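Fold and contact review
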Amino acid sequence: MPVLDREPSRDSGGGDGLPKLPLPALKDTLDMYLSCMKHLLTEEQFNKTQNVVKQFGAPGGVGELLQSKLMERRENKANWVYEYWMNDMYLNNRLALPVNSSPVMVFPLQHFRAPIDSLRFAAHMISGVLEYKTLLDSRSLPVDYARGQLAGTPLCMEQYYRLFTSYRLPGTERDTLVAQESSVMPEPEHIIVACKNQFFVLDVVINFRRLNERDLLTQLDKITRMADSKEEHLAPIGLLTSDGRTEWAQARSELMRESTNRDALDMIERCMCLVCLDDPSGPELSDTTRAMLMLHGGGVAKNGGNRWYDKPMQFVVGADGCCGVVCEHSAFEGIVLVQCTEYLLKYMIGSPSKLVRAASVSELPAPRRLRWKCSPEIHQLLASSADKLQRQVKNLDMNVYKFCDYGKEFIKKQKMSPDAYIQVALQLAFYRCHSRPVSTYESASIRRFKQGRVDNIRSATPEALIFVKAMTDGKLRISDTEKMEMLRDAITAQTKYTILSITGMAIDNHLLGLRELAHELKMEKPEIFQDEAFLVSNHFILSTSQVPTTVEMFCCYGPVVPNGYGACYNPQSDHIIFSVSSFLDSPQTCSAEFVKCLVQGLMDIGDLCNKCNSSSNTTQKKQGQTLETHTQTETNWQSKTPQRPADKTESQQSLPQFVLKTPDQTKVEAQTQTPSLAETHALKNGSKS
């Protein structure tokens, strides 16, 4: 039997009043594991796995022992999987943060007419950050409630309180998420501004008063002038944070030998956030280019050193209008990033820039440049970090595509979940490209529970495989009606697994807990975790996440395995934005080809829906033209060009350039957004979630 809370737990472990994460029954998880893997393995592999699983779950066996120990752990911990999951997903991961782990939000291209405009934008944004932080500090942020499947449940808010008070400290074997939750530690009252690879301390509270927007602009202007002084230029130490985690930990130890460096590191690690004032990156600033620049800064030749990747929030303001947010993912999930960013952009849209009448602090002290003392070894490490970042820049294959033929409104008219529909379309796209199904990750929020982060929705279901084979195998004689039934079966299976995941009853966290507990007890690793099927099940070639927004922007991240794809999507009423990433050095992947197959699949599925709805509605034609007006715009996509890059859709509004959905659209968003977001990227095993 699964272990559930009958009543909400009341201890203080992050989310008072929320129930503890349940523990699924061992047999349920093992049965589901076999069901998820059967169609992804050869017959020989599956037969072996079946025997291994049977042995693990046998009465009185290893599985039952570990399950009983997990039940004890659940009694004693606020969240039985949190620590295991955090270490496995993020802190044990030795890969560099940019591209591999840190997701980004990309804003619409801003049209700054003069250099001062980008500083005004930055000052306005910092004012929004300070407003939002005031809400957090006073615990005035309204509680989130679940939307989409099982809507209305209150969600754990713990992640929000790490936005501006945490830091990922590199370690040689495991990183540490440092959270300033103690009342002994003073609240940070400064921001670090990166400009031309130099770092400056911007105090936002002076003489017990928060700086107003005009003061912030004055200080930012001083910083850009200081950064222009070439005689004062110091080594681009930020590059070290873009390296692998073990390499950065070793470099940080070397830096710590000098007191000057210890002071600089302390100021950065205790700051609220970074604001990165970037130099122009080149004339071509399509959505795809801006996504890549946000992920890696363009390398050492551009703005790759103008970052500090350990900090959870880095707000990037490019002089050329390339703006967005870079997020260190271990502290919180994608929805928290979205909510915070949307608050800031709505603040900037709804609160006019206050640069004229505000009272100013008369004599503002100049911002302080952080100093570094670099040994020859540090210079060598910097050269190595720069080289590795440049290889990442050259290797990333990104394709941002705005699918305009329909959006989630059309999908909802088919009485289907937009998220499940898009997941099935992604399965179809991959099968068209590669003629096989693969383990797929879609992050699912488990914030309904105390300290909840994410679990995995395994979207490569047997039902999805049946459907994609029917859609791609021309030799099979299958009617449209049968295909439509298969589509509905695939969407039903996807929706059911989503509900299992968000209610804490999926398999990935449970299997992780069993594996880690065996390691903790110094047992020999159980065969189930050495079996080839387990390796296949955790090699997520397709890493996906839904990140819907109500302000015009989009999220993206890199693949989580060398031969995989990252696929982030943002469904809107009449279009869907896809951000697809892969690595150029993998002969097995191509982002443009995947997008081409994805577009074809979306059009084929839409066409199938229209055909079946058209035939089923022929008897209703005399009921007026209501039906015709509903379907008219959704039946003519076949005459449109399949490739429709998002690059052509940049907003041309005056500053700041953001589009807000209408109140009606926002209401629709609230009703349809599933909780299985990219809370993910998590997903980063390097996964992004």
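Keep in mind that this is a model prediction, so the values were computed, not measured.

**Examining the state of the cysteines**
- In this structure the tally under the stated criterion is zero disulfides.
- Summary of cysteine pairing: Cys273 is not part of a disulfide, and the nearest cysteine sulfur, belonging to Cys271, is at 6.4 Å.
- Free of any disulfide, Cys590 has its nearest cysteine sulfur in Cys433, 7.8 Å distant.

**A few points about unusual backbone geometry**
- A positive phi is found at Lys415, a non-glycine position, where the angle reads about 60°.
- On the secondary structure map, Lys415 appears in the loop between helix 12 (408-413) and helix 13 (418-434).
- Residue class for Lys415 comes out exposed when judged on its relative accessible area of 75%.
- For Lys522, which is not glycine, the phi torsion reads 60° and is therefore positive.
- Overall, the relative accessible area of 75% leaves Lys522 in the exposed class.

**A look at helix 10 (residues 334-350)**
- Here helix 10 contains 17 residues, and its C-alpha end-to-end distance of 24 Å stays within 8% of the 24 Å for a straight helix at 1.5 Å per residue.
- Across the 17 residues of helix 10, 12 count as buried, placing the element largely inside the fold.
- In this fold, the buried residues of helix 10 make contact with strand 1 (104-106), helix 5 (115-137), strand 9 (313-318) and strand 10 (323-327).

**Things to note about the pattern of salt bridges**
- Throughout the structure, instances matching the rule amount to 37 salt bridges.
- Residue Glu328 is joined to Arg168 by a salt bridge in which the shortest nitrogen-to-oxygen separation is 3.0 Å. Of the two residues, Glu328 is situated in the loop between strand 10 and helix 10 and Arg168 in strand 2 (residues 166-169); the sequence distance between them amounts to 160 residues.
- For Glu328, a relative accessible area of 1% translates into the label buried.
- Judged by its relative accessible area of 1%, Arg168 falls in the buried class.
- One network of salt bridges, in which partners are shared, links Arg94, Arg168, Asp175, Arg245, Asp310 and Glu328.

**Some points on the UniProt feature "active site" (unreviewed entry) in the chain**
- Under the UniProt annotation, the feature "active site" (unreviewed entry) is placed at His329.
- Its location among the elements puts His329 in the loop between strand 10 and helix 10.
- Residue class for His329 comes out buried when judged on its relative accessible area of 1%.
- Side-chain polar atoms of His329 contact the backbone oxygen of Phe332, separated by 2.9 Å.

**Re the nonpolar core**
- In terms of nonpolar packing, the biggest core is built from 157 residues, with Leu163, Phe164, Met313, Tyr421 and Phe467 touching the most fellow members.
- Sort the elements by how many residues they give to this core and helix 18 (residues 591-616) lands first, with 11 residues.
- Excluding anything up to four places from it in sequence, Met313 contacts Leu163, Phe164, Cys273, Leu274, Val325, Val326, Phe332, Leu337 and Cys340.
- Within the second largest apolar cluster, 47 residues are counted, among which are Tyr167, Leu293, Tyr309 and Phe554.

**Considering the sheet that holds strand 17 (residues 565-571)**
- With mixed pairing, six strands are arranged side by side in an open sheet as 12-18-17-15-13-14. The open sheet has two edge strands, strand 12 (396-403) and strand 14 (454-457), and neither has a second partner. Each strand of the sheet is rotated relative to its neighbour by a mean of 20°, with strand direction disregarded.
- Pairing of strand 15 (residues 542-546) with strand 17, which is carried by five bridges, proceeds in the parallel orientation. Bridging across to strand 17, Thr544 finds its partner in Ala567.
- Sheet strands touched by helix 11 (residues 376-395): strand 12 and strand 18 (576-583). Its angle to strand 12, the strand with the most contacts, is close to 40°.

**Quick look at the packing of aromatic side chains**
- For the structure shown, the criterion picks out 15 aromatic pairs.
- Arranged with centres 4.6 Å apart and planes meeting at 50°, the rings of Tyr406 and Phe410 form a pair that is tilted.
- Accessibility expressed as a relative area gives 2% for Tyr406, which makes it buried.
- Their ring planes at 85° and their centres at 6.1 Å tell us that Tyr406 and Tyr421 sit as a pair that is edge-to-face. Taken together, the positions of Tyr406 in the loop between strand 12 and helix 12 and Tyr421 in helix 13 put the pair 15 residues apart, joining distant regions of the chain. Of the two residues, Tyr406 and Tyr421, neither departs from the other in class, the shared state being buried.
- Directly above the aromatic system of Tyr84 lies the positively charged group of Arg73, at a separation of 3.8 Å from the ring centroid.

Reading the values: rules and limits
- Residues numbered from 1 in each chain as written.
- Predicted model: local features only at pLDDT ≥ 70, side-chain atom pairs only at ≥ 80, totals over all residues.
- Heavy atoms only, no water.
- Disulfide = S-S within 2.5 Å.
- Helix = DSSP H or I, 4+ residues; strand = E, 2+ residues; numbered from the N terminus.
- Buried < 20%, exposed > 50% of the residue type's maximum accessible area, 1.4 Å probe, protein only.
- Expected span 1.5 Å × (residues − 1).
- Contact = heavy atoms within 4.5 Å.
- Salt bridge = Lys/Arg side-chain N within 4 Å of Asp/Glu carboxyl O.
- UniProt positions renumbered as here; feature names shortened; annotations may be inferred.
- Polar contact = N/O pair within 3.5 Å; in protein donor to acceptor, adjacent residues only side chain to side chain.
- Core = buried A, V, L, I, M, F, W, Y, C linked by side-chain atoms within 4.5 Å.
- Pairing = 2+ DSSP bridges.
- Axes fitted to C-alpha atoms, helices over the stretch in contact; angles between N-to-C directions.
- Phe/Tyr/Trp six-rings, centres within 6.5 Å; stacked < 30°, edge-to-face > 60°.
- Lys NZ or Arg CZ within 6 Å of the ring centre and 35° of its normal.

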